[in-house]
Amino acid sequence: EVLLVESGGGLVQPGRSLRLSCAASGFNFRTYEMNWVRQAPGKGLEWISYISSSGSTIYYADSVRGRFTISRDNAKNLLYLQMNSLSAEDTAVYYCARGGTVAGIDYWGQGTLVTVSS
Amino acid sequence: DIQMTQYPSSLSASVGDRVTITCQASQDIRNYLNWFQQKPGKAPKLLIYDASNLETGVPSRFSGSGSGTDFTLTISSLQPEDIATYYCQQYDNFPPFTFGPGTKVDIK
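About the thresholds
- Residues numbered from 1 in each chain as written.
- Chains lettered and ligands numbered in written order.
- Predicted model: local features only at pLDDT ≥ 70, side-chain atom pairs only at ≥ 80, totals over all residues.
- Heavy atoms only, no water.
- Helix = DSSP H or I, 4+ residues; strand = E, 2+ residues; numbered from the N terminus.
- Rg over C-alpha atoms; globule rule 2.2 N^0.38 Å.
- Buried < 20%, exposed > 50% of the residue type's maximum accessible area, 1.4 Å probe, protein only.
- Areas by Shrake-Rupley, 256 points an atom, 1.4 Å probe, with all protein chains shown as cover.
- Lys, Arg positive; Asp, Glu negative; His and termini not counted.
- Charge placed at Lys NZ, Arg CZ, Asp CG, Glu CD.
- Salt bridge = Lys/Arg side-chain N within 4 Å of Asp/Glu carboxyl O.
- Contact = heavy atoms within 4.5 Å.
- Buried area = accessible area lost by both parts, 1.4 Å probe.
- Polar contact = N/O pair within 3.5 Å; in protein donor to acceptor, adjacent residues only side chain to side chain.
- Nonpolar A, V, L, I, M, F, W, Y, C, P; charged D, E, K, R; others polar.
- Pairing = 2+ DSSP bridges.
- Axes fitted to C-alpha atoms, helices over the stretch in contact; angles between N-to-C directions.
- Disulfide = S-S within 2.5 Å.

A. How the structure looks around the overall build of chain A. Helix and strand content of chain A: zero helices and eleven strands. Radius of gyration (C-alpha) of chain A: 13 Å, near the 13 Å computed for a compact globule of 118 residues. Principal axes of the C-alpha set define a box for chain A whose edges measure 40 × 25 × 25 Å. Taking all 118 residues of chain A together, 48% fall into the buried category. With the model as given, the accessible surface of chain A reaches about 5300 Å², and the carbon-plus-sulfur share is 48%. One finds the centroid of the 10 positive side-chain charges in chain A at a distance of 6 Å from the centroid of its 9 negative side-chain charges.

Shown next as structure tokens:
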């Protein structure tokens, strides 16, 4: 069974940083592209970052480029999102999601809530 | 970037009704479209991939069609457990992956 479990969310002050993790199991993690997608309260889905299976190709949405960094550790089956200079507009549930250019996104984690507030 | 639109934004139908949701891309995306179902407080779940292929385990009352710029998701007989928001997502022209704004379905 494919499982993606996010962690690291919480309440953080504006301007501060936070790192999210996503633990993957049930599939060969090192062969899959991965993404982070977020959903602000009551809003739709917003893709924010992609990383290729090897980590050599990375993309960001304009809304987070220069502030967020995606990375992965294929030896540990972990996906990360380092978030810097957070603002209230970054308040959302953050999902890690498997998939990419070949077949789009298929599996999602349960999400972790990030709240940016003073 | 490719823009995705969906309509209606919400609908209310009776149990047993046939429900159709439309997704439109701003340019040709061939058949590179997924449909997701999201129930309140839950993660999205893949229903349809490549515009018309039913994901394993998804009830056969769900179907998808279309190619190019116009796509539809159909629920042939609406059930109470289908109450959710439905999103389309294109993956032909990337980055970014683009989602539609969603269609909220509830029971009349």
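B. Just the pattern of salt bridges, in detail. Residue and element names in this part refer to chain A. Scanning the entire structure with this criterion turns up eight salt bridges over all chains. A salt bridge links Arg 65 to Asp 62, with the shortest nitrogen-to-oxygen separation between them at 2.5 Å. Among the residues examined, Asp 62 registers a relative accessible area of 62% and is labelled exposed. The shortest N-O distance in the salt bridge between Arg 67 and Asp 90 comes to 2.7 Å. With Arg 67 in the loop between strand 6 (58-60) and strand 7 (68-73) and Asp 90 in the loop between strand 8 (78-83) and strand 9 (92-100), this residue pair connects regions lying 23 residues apart in the sequence. Of the two residues examined, Arg 67 and Asp 90, each falls in the buried class. Three or more residues are tied together by salt bridges with common partners; here these are Arg 38, Glu 46, Arg 67 and Asp 90.

C. Representation of the interface of chain A and chain B. Taken together, the 22 residues of chain A in the interface contact 16 residues of chain B. Contact between chain A and chain B buries roughly 1500 Å² in total, counting both sides, with carbon and sulfur atoms accounting for 68%. Among the residues of chain A in contact with chain B, Leu 45, Trp 47 and Trp 108 of chain A are the three that bury the most area, contributing 36% of the side total. Counting every contact that joins chain A to chain B gives zero salt bridges. Inspection of the chain A/chain B interface yields six residue pairs in polar contact (both at pLDDT 80 or more). Elements with a minimum of two residues in the side of chain A that touches chain B: strand 4 (34-39), strand 5 (45-51), strand 9 and strand 10 (104-108) of chain A. Residue contributions to the side of chain A that touches chain B peak at five residues, all from strand 10 of chain A. Its residues assigned to classes, the side of chain A that touches chain B comprises eleven nonpolar, nine polar and two charged.

D. View of the side chain of Thr 91 of chain A. All names here are of chain A. Its place among the elements puts Thr 91 in the loop between strand 8 and strand 9. Judged by its relative accessible area of 16%, Thr 91 falls in the buried class. A polar contact of 2.9 Å, which involves the side chain of Thr 91, links it to the backbone nitrogen of Val 116. Beyond its immediate sequence surroundings of up to four residues, Thr 91 is in contact with Ala 40, Pro 41, Val 114, Thr 115 and Val 116.

E. The arrangement of the sheet that holds strand 3 (residues 19-25) of chain B in detail. Residue and element names in this part refer to chain B. Spatially, four strands are ordered 1-3-8-7 in an open sheet, and the strand pairing comes out antiparallel. Of all strands in the sheet, those with a lone pairing partner are strand 1 (4-7) and strand 7 (62-67), marking the two edges. Recorded for the sheet is a direction-independent mean angle of 15° between the axes of neighbouring strands. Here strand 7 runs beside strand 8 (residues 70-75); their pairing, made up of six bridges, is antiparallel. Opposite Gly 64, over in strand 8, you have Leu 73 as the bridge partner.

F. Quick peek at the environment of Pro 80 of chain B. Residues and elements named next belong to chain B. Its place among the elements puts Pro 80 in the loop between strand 8 and strand 9 (84-90). On the accessibility criterion, Pro 80 (48% relative accessible area) is partly exposed. It is 9.0 Å that separates the C-alpha atoms of Pro 80 and Ser 14, two residues lying 66 residues apart in sequence. Once residues lying within four places of it in the same chain are set aside, the contact partners of Pro 80 are Val 15 and Ile 107.

G. Focus on the state of the cysteines. Within this structure, the stated rule accounts for two disulfides over all chains. Cys 22 of chain A shares a disulfide with Cys 96 of chain A; S-S distance 2.0 Å. Of note, the bridge from Cys 22 of chain A to Cys 96 of chain A carries an S-S torsion of about 40° and is right-handed in sense. Of this pair, Cys 22 of chain A sits in strand 3 (residues 18-25) while Cys 96 of chain A sits in strand 9, placing them 74 residues apart in sequence. By relative accessible area, which is 0% here, Cys 22 of chain A ends up buried. Judged by its relative accessible area of 0%, Cys 96 of chain A is buried. Two residues share a disulfide in this structure: Cys 23 of chain B and Cys 88 of chain B, whose sulfurs sit 2.1 Å from each other. With the S-S dihedral at roughly 75°, the linkage between Cys 23 of chain B and Cys 88 of chain B falls on the right-handed side. Of the two residues, Cys 23 of chain B sits in strand 3 while Cys 88 of chain B sits in strand 9, which places them 65 residues apart along the sequence.

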